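Examining the three-dimensional arrangement
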Amino acid sequence: EPEVTQTPSHQVTQMGQEVILRCVPISNHLYFYWYRQILGQKVEFLVSFYNNEISEKSEIFDDQFSVERPDGSNFTLKIRSTKLEDSAMYFCASRRGDRGTEAFFGQGTRLTVV
Amino acid sequence: RKEVEQDPGPFNVPEGATVAFNCTYSNSASQSFFWYRQDCRKEPKLLMSVYSSGNEDGRFTAQLNRASQYISLLIRDSKLSDSATYLCVVNILTGRRALTFGSGTRLQVQP
C-alpha cells in the first residue's frame, strides 16, 4: 500500500539553527501539506502546496518557514532559525484531490529544539 | 467559536460498551467530513469518511447533520484496541481548504 514517508523520525537541534524536514508524498497525489502537533495539543495546519506553489498557509507559517518541492518526489519544510516553541511533531500529508478525498499522513518527524 | 469542536474526554468505557462522540463545526461552507484515529505519538489515520446519509463500517457508524452542523461517531462493542484519540476533521469549501482538525476525544477501553 502506498504511503507517505518522512525523514528523519526524530531531530534534535539547537535554538537558532536551521532544520529541514523531508517528506515523500504518495506518487499520484497532487496536494501536499505540513501540519504540526505540539505535545498534548491539536493537529494544526501550517501550509498546503499545489502545482509547485503554496496554495494557502496559516498564521503559524511565518517568514521562518518555507516549503519546497525540489524534484518530482520530495517535499521539504525548512525552519530557518528554530525557536524553543517550534518543538513539536511535524506531519506531512498528501491527497489526490482537495475536495472529499482523505489525506494520508506520514509517521511524523519529532523536532526537539534545545 | 472554534472551527471544529469536540469534547476532549477522556471517555473510559468497559469492553463491549457502546460509546458515542460528537463534534460541531462552525463554518456552514464545510464540504467534507472525516473521522480520523490517532494513537499516542503516531500519525492520524483515516477511520472513515462521513456522508450526508450516514454510513456504517463494521462496528463504527458516522452521522452528519448539516442543519445543526454536527457530526457523530458511534462505536459498538468496544474493543481494547479501540483505545485512541478520535479526531473530527472538516474540509471547508471556501477560505482555508486544507483539512481542519478538532482537538480530539480520547477513548480508553478498559478490560
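We now turn to the structure provided with this report.

1. Let's talk about the overall build of chain A
In terms of regular secondary structure, chain A is built from 0 helices and 11 strands. Along the chain direction, N to C, the helices and strands of chain A fall in the order β-β-β-β-β-β-β-β-β-β-β. Taken over 114 residues, chain A has a buried fraction of 46%.

2. Looking at the interface of chain A and chain B
On the side of chain B, 20 residues touch chain A, which itself brings 23 residues to the contact. For the pairing of chain A and chain B, the buried interface totals around 1800 Å² over both sides, and the portion due to carbon and sulfur atoms is 50%. Per-residue buried area on chain A facing chain B is highest for K42(A), E56(A) and F105(A); these three make up 25% of the total on that side. Taken together, chain A and chain B are joined by 0 salt bridges. At the boundary of chain A with chain B, the tally comes to 6 residue pairs in polar contact (both at pLDDT 80 or more). Counting only elements with at least two residues in the side of chain A that touches chain B, the list comes to β4 (31–37), β5 (43–50) and β9 (88–95) of chain A.

3. Examining the sheet that holds strand β7 (residues 65–68) of chain A
Each strand in a sheet pairs with another by means of backbone hydrogen bonds, the pair being arranged parallel or else antiparallel. Residues and elements named next belong to chain A. Here we have 4 strands laid out as an open sheet, ordered β1-β3-β8-β7, and antiparallel in their pairing. Both outer strands of the open sheet, β1 (5–7) and β7, are each paired with one neighbouring strand and no more. Taking the axes of each pair of neighbouring strands and ignoring which way they run, one obtains an average angle of 20° across the sheet. Where strand β3 (residues 19–24) meets strand β8 (residues 75–79), 5 bridges bridge the pair, whose relative direction is antiparallel. Of the residues in β8, the one forming a bridge with R22 is T76.

4. Side note on the pairing of strand β6 (residues 53–57) of chain A
All names here are of chain A. Bridging between β5 and β6 involves 4 bridges; their strand directions are antiparallel. From the neighbouring strand, V47 faces β6, where its bridge partner is K57. Here β5 folds back onto β6, and the loop between the two strands holds 2 residues, one of which, N51, carries a positive phi near 55°.

5. Remarks on the state of the cysteines
Note: disulfide means a covalent bond formed between the sulfur atoms of two cysteine side chains. Residue and element names in this part refer to chain A. Counting across every chain of the model gives 2 disulfides over all chains. Residue pairing for C23: its cysteine sulfur links by disulfide to C92, the two sulfurs lying 1.9 Å apart. Disulfide C23-C92: torsion about the S-S bond near -65°, hence left-handed. Of this pair, C23 sits in strand β3 while C92 sits in strand β9, placing them 69 residues apart in sequence.

6. Structural notes on the environment of I26(A)
Residue and element names in this part refer to chain A. Topologically, I26 is positioned in the loop between β3 and β4. Here I26 falls in the buried class, since its relative accessible area comes to 8%. Counting along the chain gives 27 residues from I26 to E53, while the straight-line C-alpha distance between them is 18 Å. If sequence neighbours within four positions are ignored, I26 has contacts with P2, E3, V4, S94 and F104.

Procedures and definitions
Residues numbered from 1 in each chain as written. Chains lettered and ligands numbered in written order. Predicted model: local features only at pLDDT ≥ 70, side-chain atom pairs only at ≥ 80, totals over all residues. Heavy atoms only, no water. Helix = DSSP H or I, 4+ residues; strand = E, 2+ residues; numbered from the N terminus. Buried < 20%, exposed > 50% of the residue type's maximum accessible area, 1.4 Å probe, protein only. Contact = heavy atoms within 4.5 Å. Buried area = accessible area lost by both parts, 1.4 Å probe. Salt bridge = Lys/Arg side-chain N within 4 Å of Asp/Glu carboxyl O. Polar contact = N/O pair within 3.5 Å; in protein donor to acceptor, adjacent residues only side chain to side chain. Pairing = 2+ DSSP bridges. Axes fitted to C-alpha atoms, helices over the stretch in contact; angles between N-to-C directions. Disulfide = S-S within 2.5 Å.

Everything listed here is a matter of coordinates, which is why it stays silent on function.
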